[in-house]
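Each chain, written out:
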Amino acid sequence: MRRLPYRPPYDWDAILGFLALRAIPGVELVQSDTYARSIEHDGAHGEIAVRLGARNTLQVTILFPRAHAVPAILERVARIFDLAADPIAIDRHLSADPRLAPLVAAHPGLRVPGAWDGFELAIRAILGQQITVVAARKLAGRLVTLFGTSVRPGGTDGLTHVFPQPVHLADAGLSALGMPRPRVAALSSLAAAAVANPRLFEAGPSLSDAVSRLRALPGIGEWTAQYIAMRQLREPDAFPVADIGLMRALEGEYGRRPTPAELVARAQAWRPWRAYAALHLWTS
């Protein structure tokens, strides 16, 4: 067992709830106060379990066959749970906005949930386009059942597969998912791009550069690019402008649903922490 420190406050219930709603059947599991998932690292399989620990730490249990991989695994866990954030500075800045102030007071230390793997997140984002979070979760579970790798018995009950790697999806018969043909093509093309460039989902020199690079990928528009930048690239100012949830959250302020352009203008005051503002609005 390892411990990872964080700067308090930390809204553990909120981040756990976010991950629970999106947990892929067979790959992720949220039970009680613990997040568990299967993992793949350098071709080996294992699992992690994370829960709130004592003295401002997260308690991480790692079951993995290669001890030398533990530091890299812990680094990914820290990114999933946004442990590098400075919640005092973020909350102080966002609290200056009258609309966000009560939301920050209700959820001090709210984090932006990260992702174990950029390719997994991008595939999930495309699967979730134009459908509900629950429907996207079921579709991701079906993809894992069809194309993921089974894990050996003996681990956590309910963790049955690891998410498929790009090479497993590039030439797979994804039409079995029952999705529209253009979206199936987007998934296949994205997998091929990730095979060709293993560093495809690493952070770039700036948010605008990252979004432009992501938007060049098949099936990824502005919303999806910003979402990936938020959760995988850890860009604190990423902001999915056309998100329907954000526009609904501000309906009371405008007397109607604001336009994307109005939302962009409204969010200027939240920079450089627009990703955290988005989480507060989604949580509300």
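Cut-off values and rules
- In this convention, every chain numbers its residues from 1, walking through the sequence in written order.
- In keeping with the predicted nature of the model, local features appear solely for residues at pLDDT of at least 70, side-chain atom pairs appear and are counted solely at 80 or more, and the whole-chain, interface and lining totals rest on all residues.
- Water and hydrogen atoms play no part in the side-chain values, which are based on all heavy atoms of the structure.
- Only when DSSP finds a minimum of two bridges between them are two strands counted as paired.
- In this text, helices come from DSSP runs of H or I with a minimum length of four residues, and strands from runs of E with a minimum of two, each type numbered from the N-terminal end.
- Under this scheme, a helix contributes an axis fitted over its contacting stretch, all axes are lines through C-alpha atoms, and angles between N-to-C directions fall in the 0 to 180 degree range.
- Relative accessible area decides the class of each residue, using a 1.4 Å probe on protein chains only: under 20% of the type maximum gives buried, over 50% gives exposed, and in between gives partly exposed.
- Only four residue types enter the charge count, namely Lys and Arg as positive and Asp and Glu as negative; His and the chain termini do not.
- We define a salt bridge as a contact between a side-chain nitrogen of Lys or Arg and a carboxyl oxygen of Asp or Glu at a distance within 4 Å.
- Counted as a polar contact is a pair of N or O atoms within 3.5 Å, where, for protein atoms, one must be capable of donating a hydrogen and the other of accepting one, and residues adjacent in sequence contribute only when both atoms are in side chains.
- Here, two residues are considered to be in contact whenever any of their heavy atoms come within 4.5 Å of each other.
- Aromatic rings from Phe, Tyr and Trp, with only the six-membered ring used for Trp, were paired whenever their centres fell within 6.5 Å, and each pair was classed as stacked if the ring planes differed by under 30 degrees, edge-to-face if by over 60, and tilted otherwise.

Considerations on the sheet that holds strand E3 (residues 34–41)
Turning to step 1, where the next piece is worked out: Strand order in the open sheet made by the five strands is E1-E5-E4-E3-E2, with antiparallel pairing throughout. Lying at the two open borders of the sheet, with one neighbouring strand each, are strand E1 (2–5) and strand E2 (28–31). Put simply, the sheet's adjacent strands are angled 25° from each other on average, direction ignored.
Turning to step 2, where the next piece is worked out: The pairing of strand E4 (residues 44–52) with strand E5 (residues 57–63) spans six bridges and is antiparallel. Counted as the bridge partner of Ala 49 is Thr 61 from E5.

Some words on the side chain of Glu 47
Turning to step 1, where the next piece is worked out: Of note, Glu 47 is situated in strand E4.
Turning to step 2, where the next piece is worked out: One buried charged side chain, Glu 47, makes no salt bridge at all; its nearest oppositely charged neighbour is Arg 37, positioned 10 Å away.
Turning to step 3, where the next piece is worked out: Looking at Glu 47, its side chain comes within polar contact range of the side chain of Thr 156, at 2.4 Å.
Turning to step 4, where the next piece is worked out: The contacts of Glu 47, once residues within four sequence positions are left out, are Arg 37, Ser 38, Ile 39, Thr 61, Ile 62, Leu 63, Gly 155, Thr 156 and Leu 159.

Regarding the environment of Ser 150
Turning to step 1, where the next piece is worked out: Here Ser 150 lies in strand E6 (residues 149–150).
Turning to step 2, where the next piece is worked out: As a C-alpha pair, Ser 150 and Pro 164 span 14 residues in sequence and 9.9 Å in three-dimensional space.
Turning to step 3, where the next piece is worked out: Apart from residues no more than four positions distant in its own chain, Ser 150 is found in contact with Thr 160 and His 161.

Concerning the environment of Gln 130
Turning to step 1, where the next piece is worked out: By the secondary structure assignment, Gln 130 is in the loop between helix H5 (118–127) and helix H6 (133–147).
Turning to step 2, where the next piece is worked out: For Gln 130, a relative accessible area of 78% corresponds to the exposed category.
Turning to step 3, where the next piece is worked out: Spatially, the C-alpha atoms of Gln 130 and Asp 86 are 33 Å apart, while their sequence positions differ by 44 residues.
Turning to step 4, where the next piece is worked out: At 3.2 Å, the side chain of Gln 130 and the side chain of Arg 183 are in polar contact.

A short note on the pattern of salt bridges
Turning to step 1, where the next piece is worked out: Per the stated rule, a full pass over the model turns up 14 salt bridges.
Turning to step 2, where the next piece is worked out: Across the pair Asp 237 and Arg 274 runs a salt bridge, and its minimum N-O distance is 3.2 Å. Of the two residues, Asp 237 sits in the loop between helix H10 (222–231) and helix H11 (244–249) while Arg 274 sits in helix H14 (residues 274–283), which places them 37 residues apart along the sequence. Both residues of the pair, Asp 237 and Arg 274, belong to the buried class.
Turning to step 3, where the next piece is worked out: The residue Arg 266 makes a salt bridge to Glu 253 at a minimum N-O spacing of 2.4 Å. You can see Arg 266 sitting in helix H13 (residues 260–266) and its partner Glu 253 sitting in helix H12 (residues 251–254), a full 13 residues away along the chain.
Turning to step 4, where the next piece is worked out: On the accessibility criterion, Arg 266 (17% relative accessible area) is buried.

Details of the pairing of E3
For a regular strand, side chains alternate in direction, first toward one face of the sheet and then toward the other.
Turning to step 1, where the next piece is worked out: With respect to burial, E3 is a largely interior element, eight of its eight residues being buried.
Turning to step 2, where the next piece is worked out: Both faces of E3 are covered, namely the face carrying Thr 34, Ala 36, Ser 38 and Glu 40 and the face carrying Tyr 35, Arg 37, Ile 39 and His 41.
Turning to step 3, where the next piece is worked out: Pairing of E2 with E3, which is carried by four bridges, proceeds in the antiparallel orientation. In the sheet register, Val 30 faces E3, and the bridge partner there is Tyr 35.
Turning to step 4, where the next piece is worked out: Linking two consecutive strands that pair antiparallel, namely E2 and E3, is a turn of two residues; a positive phi of about 55° is found at Ser 32 within it.
Turning to step 5, where the next piece is worked out: What sits between the antiparallel neighbours E3 and E4 is a turn of two residues, in which Asp 42 has the positive phi angle 55°.

Description of the packing of aromatic side chains
Turning to step 1, where the next piece is worked out: Applying the stated criterion to the full structure yields eight aromatic pairs.
Turning to step 2, where the next piece is worked out: Ring plane angle 25° and centroid distance 5.5 Å describe the contact between Trp 12 and Phe 81, whose orientation is recorded as stacked. Linking Trp 12 in helix H1 (residues 12–22) with Phe 81 in the loop between helix H2 (70–80) and helix H3 (87–95), this pair joins segments that are 69 residues apart in sequence. The pair formed by Trp 12 and Phe 81 is uniform in burial state, with each residue classed as buried.
Turning to step 3, where the next piece is worked out: Arranged with centres 6.0 Å apart and planes meeting at 75°, the rings of Trp 273 and Tyr 276 form a pair that is edge-to-face.

Structural notes on unusual backbone geometry
Turning to step 1, where the next piece is worked out: Residue Pro 9 is reached from Pro 8 by a cis peptide bond, and omega for that bond is 0°.
Turning to step 2, where the next piece is worked out: Structurally, Pro 9 is set in the loop between E1 and H1.
Turning to step 3, where the next piece is worked out: Cis geometry is adopted by the peptide bond preceding Pro 272, which originates at Arg 271 and carries an omega value of 10°.
Turning to step 4, where the next piece is worked out: Topologically, Pro 272 is positioned in the loop between H13 and H14.
Turning to step 5, where the next piece is worked out: Notably, Arg 55 is not glycine yet its phi reads approximately 55°, a positive angle.
Turning to step 6, where the next piece is worked out: The topology assignment puts Arg 55 in the loop between E4 and E5.

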